Amino acid sequence: AQSVTQLGSHVSVSEGALVLLRCNYSSSVPPYLFWYVQYPNQGLQLLLKYTTGATLVKGINGFEAEFKKSETSFHLTKPSAHMSDAAEYFCAVLTGGGNKLTFGTGTQLKVEL
Amino acid sequence: GAGVSQSPRYKVAKRGQDVALRCDPISGHVSLFWYQQALGQGPEFLTYFQNEAQLDKSGLPSDRFFAERPEGSVSTLKIQRTQQEDSAVYLCASSPSPAGEIRYGYTFGSGTRLTVV
């Protein structure tokens, strides 16, 4: 079965510092991978996705992620954190023949002055 | 509409009460999904519709949960005889693509927060 593991349920960074949120996946087939962001009392917003092709994927709000097959990872990064980046971030893999997303347990990002 | 709309935003139900949660997907979107998000957890898949056909209901936790999309647009998730463990945020998502063609991704609504007391 396909699954994702997010290391670190809480990550705290200083404003302007590098953001690194970790995601590892388990999949027996080439995975389709996603990162979503959730602000308080809101739904999920797609940040970026990997399907095929270029392994470095750029998303909205300056985020990017790199698909590394050898490491089964899809870590999310942003060079410089902003206060508005404080939110919960979910990594997900598409499973079930393309009709369901399996999510990790989420990482709460806190940005401090 | 411009996005996926869910109503009500908040629902408090007494244990044993029936509830109905509504989802208005983006106009023209073929696929519609329901997810359940418990406090502190990631969303978990409940069910999937392609137009009016419910093609996957493997995630529905019990026969108290029922979903429909009779005309291929608006969907309703119904929970009968609610229990405290049903307390969660219920998210709806839609996509212009049928399952297996994910190039557009999914657009999620803001969810309905159900609290069973």
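Residues numbered from 1 in each chain as written. Chains lettered and ligands numbered in written order. Predicted model: local features only at pLDDT ≥ 70, side-chain atom pairs only at ≥ 80, totals over all residues. Heavy atoms only, no water.

Some remarks on the state of the cysteines
One way to say it: the disulfide is the covalent bond shared by the sulfur atoms of two cysteines. Residue and element names in this part refer to chain B. What the rule picks out here adds up to two disulfides over all chains. The disulfide partner of C23 is C92, and the gap between their sulfur atoms is 1.9 Å. Across the S-S bond linking C23 and C92, the dihedral sits near -65°, which makes this disulfide left-handed. Placement of the pair is C23 in strand 3 (residues 19-24) and C92 in strand 9 (residues 88-95), with a sequence separation of 69 residues. In this pair, the class of C23 matches that of C92, namely buried. (Disulfide = S-S within 2.5 Å. Helix = DSSP H or I, 4+ residues; strand = E, 2+ residues; numbered from the N terminus. Buried < 20%, exposed > 50% of the residue type's maximum accessible area, 1.4 Å probe, protein only.)

A closer look at the confidence of the model for chain A
Detail in the predicted coordinates should be disregarded across regions flagged by low pLDDT. In the predicted model, chain A carries a mean pLDDT of 92, and 99% of its residues have values of at least 70. Highest mean pLDDT in chain A belongs to strand 3 (residues 19-21) of chain A (98); lowest belongs to strand 11 (residues 100-103) of chain A (90). (pLDDT = per-residue confidence, 0-100.)

Here we look at the interface of chain A and chain B
Taken together, the 19 residues of chain A in the interface contact 25 residues of chain B. Counting every contact that joins chain A to chain B gives one salt bridge. Linking chain A with chain B are five residue pairs in polar contact (both at pLDDT 80 or more), by the criterion used here. Those elements that provide at least two residues to the side of chain A that touches chain B are strand 5 (33-38), strand 6 (44-50), strand 10 (87-95) and strand 11 of chain A. For the side of chain A that touches chain B, the leading source of residues is strand 11 of chain A, giving three residues. Grouping the constituent residues of the side of chain A that touches chain B by class yields seven nonpolar, ten polar and two charged. (Contact = heavy atoms within 4.5 Å. Salt bridge = Lys/Arg side-chain N within 4 Å of Asp/Glu carboxyl O. Polar contact = N/O pair within 3.5 Å; in protein donor to acceptor, adjacent residues only side chain to side chain. Nonpolar A, V, L, I, M, F, W, Y, C, P; charged D, E, K, R; others polar.)

Focus on the nonpolar core
One recurring pattern in soluble globular proteins is that nonpolar side chains are buried together. Judged by nonpolar contacts, the single largest core of 26 residues is most densely connected at A:W35, A:L48, A:L76 and A:Y89. Residue assignment for this core shows that the elements contributing at least two residues are strand 2 (10-14), strand 3, strand 5, strand 6, strand 8 (64-68), strand 9 (73-78), strand 10 and strand 12 (107-112) of chain A. No other element matches the four residues that strand 10 of chain A contributes to this core. In terms of nonpolar packing, the next biggest core, distinct from the first, is built from 20 residues, B:I26, B:F49, B:F65 and B:A88 among them. (Core = buried A, V, L, I, M, F, W, Y, C linked by side-chain atoms within 4.5 Å.)

Comments concerning the packing of aromatic side chains
Residues and elements named next belong to chain A. Taken as a whole and assessed by the stated rule, the structure comprises 15 aromatic pairs over all chains. Between Y50 and F74, the ring centres sit 6.5 Å apart and the planes meet at 55°, which makes this aromatic pair tilted. With Y50 in strand 6 and F74 in strand 9, this residue pair connects regions lying 24 residues apart in the sequence. Overall, the relative accessible area of 0% leaves F74 in the buried class. (Phe/Tyr/Trp six-rings, centres within 6.5 Å; stacked < 30°, edge-to-face > 60°.)

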